[in-house]
Each structure stands twice: as C-alpha cells, then as structure tokens.
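Chains, contacts and geometry: an overview
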Amino acid sequence: MNVYTPTYKGGYHMKGVGATHANTNNTTHNITSTFTSTATGTVGVSLTGSLMVSANVMIGKIEAKYDVNLSASLTVTQTNSVAAITPPHKTTYAKYGVYRLRNQGTSYHIYSSCATSTRSTVTGYTPHHIGWYVWETSA
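Residues numbered from 1 in each chain as written. Predicted model: local features only at pLDDT ≥ 70, side-chain atom pairs only at ≥ 80, totals over all residues. Heavy atoms only, no water.

1. Things to note about the overall build of the protein chain
A tally of regular secondary structure across the protein chain gives one helix and nine strands. The secondary structure elements of the protein chain, listed N-terminal to C-terminal, are β-β-β-β-β-α-β-β-β-β. A compact globule built from 139 residues should have a C-alpha radius of gyration of about 14 Å, whereas the protein chain, at 20 Å, is more than 25% larger. With the principal axes as the frame, the protein chain shows a C-alpha extent of 75 × 30 × 25 Å. (Helix = DSSP H or I, 4+ residues; strand = E, 2+ residues; numbered from the N terminus. Rg over C-alpha atoms; globule rule 2.2 N^0.38 Å.)

2. Observations concerning the side chain of Thr92
Structurally, the position occupied by Thr92 is in strand β8 (residues 90–109). At a separation of 2.6 Å, a polar atom in the side chain of Thr92 contacts the side chain of Thr86. Setting aside residues no more than four positions away along its own chain, Thr92 makes contact with His21, Ala22, Asn23, Ser33, Phe35, Ala84, Ile85, Thr86, Val134, Trp135 and Glu136. (Polar contact = N/O pair within 3.5 Å; in protein donor to acceptor, adjacent residues only side chain to side chain. Contact = heavy atoms within 4.5 Å.)

3. A short note on the nonpolar core
If you look at the biggest cluster of nonpolar residues, it comprises ten residues: Tyr4, Val53, Met58, Ile59, Ile62, Tyr66, Val68, Leu70, Leu101 and Val122. Ranked by residue count, the leading element in this core is helix α1 (residues 55–66), at four residues. Ignoring anything within four residues of it in the chain, the contact list for Tyr4 reads Leu51, Val53, Met58, Lys61, Ile62, Asn103, Gln104, Gly105, Thr106, Ser107 and Val122. (Core = buried A, V, L, I, M, F, W, Y, C linked by side-chain atoms within 4.5 Å. Buried < 20%, exposed > 50% of the residue type's maximum accessible area, 1.4 Å probe, protein only.)

4. Brief notes about the pairing of β8
If a strand is regular, its side chains alternate between the two faces of the sheet. The buried fraction of β8 is high, at 14 of 20 residues. Taken together, the twelve bridges between strand β1 (residues 2–16) and β8 define a ladder with antiparallel strand orientation. Within β8, the residue paired with Lys9 across the bridge is Asn103. In this sheet, strand β9 (residues 120–138) lies alongside β8 in antiparallel orientation, the contact comprising 18 bridges. Residue pairing for β9: Val98 is matched across the bridge by Ile130. (Pairing = 2+ DSSP bridges.)

5. Description of the environment of Ala84
If you trace the backbone, Ala84 turns up in strand β7 (residues 80–86). On the basis of relative accessibility, which here comes to 18%, the residue Ala84 falls in the buried class. Considered as a pair, Ala84 and Ile110 are 26 residues apart in the sequence and their alpha carbons are 53 Å apart. Filtering out sequence-adjacent residues up to four positions away, Ala84 remains in contact with Ile31, Thr32, Ser33, Thr92 and Val134.

6. Here we look at α1
Helix length check: α1 (twelve residues) gives 16 Å between terminal C-alpha atoms against 16 Å at 1.5 Å per residue, within 8%. One or two residues past the end of α1 sits Asp67, with phi positive at roughly 55 degrees. (Expected span 1.5 Å × (residues − 1).)

7. What to know about the pairing of strand β6 (residues 73–76)
Here β6 shows a clear split, with Leu74 and Val76 buried on one side and none of Ser73 and Thr75 buried on the other. Of the strand pairs in this sheet, strand β4 (residues 41–44) and β6 are connected by four bridges, and their pairing is antiparallel. What sits directly across from Thr42, in β6, is Thr75.

8. Here's the deal with the side chain of Asn25
Mapped onto the elements of the fold, Asn25 is located in strand β2 (residues 21–25). A residue is classified by how much of its surface remains accessible, and Asn25, at 1% relative accessible area, is buried. For Asn25, the side chain forms a polar contact with the main-chain oxygen of His29, separated by 2.8 Å.

If you want it as structure tokens, here you go:
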C-alpha cells in the first residue's frame, strides 16, 4: 500500500503565465498603471521527491487536512486587467497567473509484511487560484 501524509502547509507562490508587465513613473506625481494580460497557459502540480501515490490522492489528503480547495491544474484563458497607482520615481510590476500552495509531506510504501520503504519527503506546489501579483520598486 502506498501512503502520503501531509506534514506542512506553506504559503502561496505565483507561477506567471505570459510576460511580466512593468511601468516606470519618472514624473513628480502619481500615475495610474493599467496592465492587461491576454496570455493563455496551464499550470499544474510541481513536485520534488518521490511521490508513491497519484497527484490526485496527494491533493485529496492536503485538502482534507488543511481545509483548502486545490486542483491538479488550472488554465488561464481570459483577458484580465488590473490597475495600480505608481508613485513618483517608482516602477510597478504585474504578473498574471496561478497561485500555488506550497506543501510538504511524506510518501512511502507499506509492504504486506508491515515493513516500510524509505520515507521520501515530497515538496509540492499545487494550483489554488488565478490572479494578479503586483509589486513596486524604486525606478
């Protein structure tokens, strides 16, 4: 029997679809930066370690333990825009894509003799929701 046990729920990490947008404000007043994404793409589960169950079984265990709704993959297909105020002498960046939940767990096999295989630590990034990631830096 193959086993996966979630052990850690991390934060959300953006996986962008398409290019990162940027707008620099070299004026002395605020401006509005509007970004539009028209890119299409699919973001799936990303894993490191040896997972001995299917990704769907892993997702089900994580959802049950942490009361979240995850997907094996999410597809970004719609045109979407976001606007942000860019202060003087700053650059605003925007990336549209899929937020994935960082998670960690242990995967192993239990033999009929009740012995177990070596336990593997599995780190995964599992799709959660689609959205914008917007940040600002000095120009």
